[in-house]
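# Architecture at a glance
Now for the letters of each chain:
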Amino acid sequence: MRGIPESWIQRVVAELRRPVRFDEEFDRNVMTAVRSMPRHRYRAWTRVLRPRTITIRPLISAVAAVLLLAITLSLGHAIGTRRASVASGSGDTTDRGGSLRSRPKHPVQFVLVAPTARKVQVVGDFNDWDASHAEYSAQHRGGGVWSVTAAVPEGHHRYSFVVDDSVWVADPTAPRLLDDDFGMPNSALVVEGGDLTR
Amino acid sequence: MRAGRSVVGAWCVALSLAQVARAQLRGDGRLAKLDSTTRVAVNVVVDSARKARLPTEPLIDKALEGAKRGASGERIVTAVRGLFADLRTARSALGPSASIDELNAGANALHAGLPMRNLAQLRTVSQHAGRAHVTLPLTVATDLVSRGVPVGVASDVVLSLARAGLRDADFTMFQRNVRLDIEHGADAATAAQTRARGAVLHGGRAT
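What comes next concerns the included structure. The structure presented is a predicted model; accordingly, all values stated were derived computationally and were not measured.

On to helix α4 (residues 73-94) of chain B, then. Within an α-helix, residues lying three or four positions from one another point in the same direction, as the helix has 3.6 residues per turn. All names here are of chain B. Between its first and last C-alpha atoms α4 spans 31 Å; for 22 residues at 1.5 Å apiece the expected length is 32 Å, and the two agree. Against α2 (36-51), α3 (57-68), α5 (100-112) and α6 (116-128) lie the buried residues of α4. Remark: Gly-95 follows α4 within two positions and exhibits a positive phi of approximately 95°.

Quick look at the structure:
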């Protein structure tokens, strides 16, 4: 600031620092003018198309990405399970966890001659091979004959007798299976619409 | 404040991942009876079956049977894998429209030694004879083999019966008669062939 005296500069600065006071009328006039201006309305598509600047925090975006991955995996698993149960074959061939368990049941009589037995149970895929089901516990009818009549869903089944909680015995009168993966083979049972076929 | 939000976010992520991992590993709730190593191995086979659009229930059922019989984990996994392979072969032989019962019976028949081509033949012959399902013929064929009838004879016999249009009740009667003959001392193959000839001669009525 060559040539300008310091005192002048100080006077200009002091003048600029002095607060400018407007009267109330001025404020009102300005606001009235602003309100009278046409409003700028954003439509939905304008909001979407309007360019924006987005700030991303690395941690938050990583969390969001992992959450998205987790949700996708969960959905994939759920859809896969659903598809398999619906499409494993032809509509009728759903897994037993689904419709096979809800197939109509028909009474089936299981008979085993076991004169020395103290307890006889029927286990099979229809009761998850669980010998504790009272419904499948055979009664001694006398003369070594044990029998129980239980409801079994329609379809092809594998089953066995469990004698005295320890010995697995295939039904000697039923078709046999050679599924001896765990020792003794099982028996086959085909239940069809009210018709018992063993 | 930000740190708190990050902790909550990380916690949510961990929970979600844990949930997904648990769902993948746990699979069917009934398999909880198996030890963790066996359960994971069985679930892998079950998932493979699901992806191949094969029924998973027979596999779970096989694992449950093994657990109830006190079989070792290794034996259970081997059995489940074997069944998976048989189910896949059975579907190839019986076609994509095969029901879960047919696949089950087909897998059992394959396990008993019946060749895949015989299953396919049985399907074709049965369709020509107007039979909708081959579950029982396959079950009877498996039974014959289990009672000592040679695989070739068992296949031929069941095919001839299916060709003659035997109903399920006739198949059951045939199986019962052959079993009784064998129990009375008859040669297994001879009993099966003789009873089959009788059933076919009687116009599809088992003797």
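From this point, the narrative continues.
The next thing to look at is the packing of α6 of chain B against helix α8 (residues 151-163) of chain B. Residues and elements named next belong to chain B. Relative orientation of the contacting elements α6 and α8 amounts to 15°, with a least axis distance of 9 Å. Judged on the interaxial angle alone, α8 and α6 are roughly parallel. Here α6 runs over α8; the crossing is right-handed. On α8, the residues that touch Asn-118, Gln-121, Leu-122, Val-125 and Ser-126 of α6 are Ser-155, Val-158, Leu-159, Ala-162 and Arg-163. Looking at the contact of α6 with α8 residue by residue, the classes come out as five nonpolar, four polar and one charged.

Moving on, we come to the sheet that holds strand β4 (residues 145-153) of chain A. Residues and elements named next belong to chain A. Taken together, the three strands give an open sheet; going across it, the order is β1-β4-β3, and neighbouring strands pair in antiparallel fashion. Each of the sheet's edge strands pairs with one partner strand only, and the pair in question is β1 (105-113) and β3 (139-142). Here the average twist between neighbouring strands, direction ignored, is 35°. Bridging between β3 and β4 involves three bridges; their strand directions are antiparallel. Bridge assignment links Gln-139 to a residue of β4, and that residue is Ser-147.

What follows is about the nonpolar core. All names here are of chain B. Among the nonpolar cores identified, the biggest contains 78 residues, and Ala-63 and Val-80 are the most heavily contacted of them. The greatest single-element share of this core, amounting to 10 residues, is contributed by α4. Contact partners of Ala-63, with chain neighbours within four places excluded, come to Leu-31, Leu-34, Val-42, Ile-76 and Val-80.

Residue and element names in this part refer to chain B. Its 16 residues give α2 an end-to-end C-alpha distance of 22 Å, which sits within 8% of 22 Å, the value for a rise of 1.5 Å per residue. Taken together, the buried positions of α2 are Thr-38, Arg-39, Val-42, Asn-43, Val-45, Val-46, Ala-49 and Arg-50. Take α2 and look down its axis: the buried residues cluster within an arc of 165°, on one side only. Of the exposed residues in α2, those oriented more than 90 degrees away from the buried face are Ser-36, Thr-37 and Lys-51. After α2 finishes, the residue Arg-53 shows a positive phi value of roughly 60°.

So, how was this worked out
Residues numbered from 1 in each chain as written. Chains lettered and ligands numbered in written order. Predicted model: local features only at pLDDT ≥ 70, side-chain atom pairs only at ≥ 80, totals over all residues. Helix = DSSP H or I, 4+ residues; strand = E, 2+ residues; numbered from the N terminus. Expected span 1.5 Å × (residues − 1). Contact = placed C-beta atoms within 7 Å. Axes fitted to C-alpha atoms, helices over the stretch in contact; angles between N-to-C directions. Parallel < 35°, antiparallel > 145°, perpendicular 65-115°, else oblique. Left-handed = near helix turned anticlockwise from the far one by under 90°. Nonpolar A, V, L, I, M, F, W, Y, C, P; charged D, E, K, R; others polar. Pairing = 2+ DSSP bridges. Core = buried A, V, L, I, M, F, W, Y, C linked by C-beta atoms within 7 Å. Buried ≥ 20, exposed ≤ 12 C-beta atoms within 10 Å, placed from the backbone. Arc of directions from axis to C-beta.

Geometry only, nothing functional implied.
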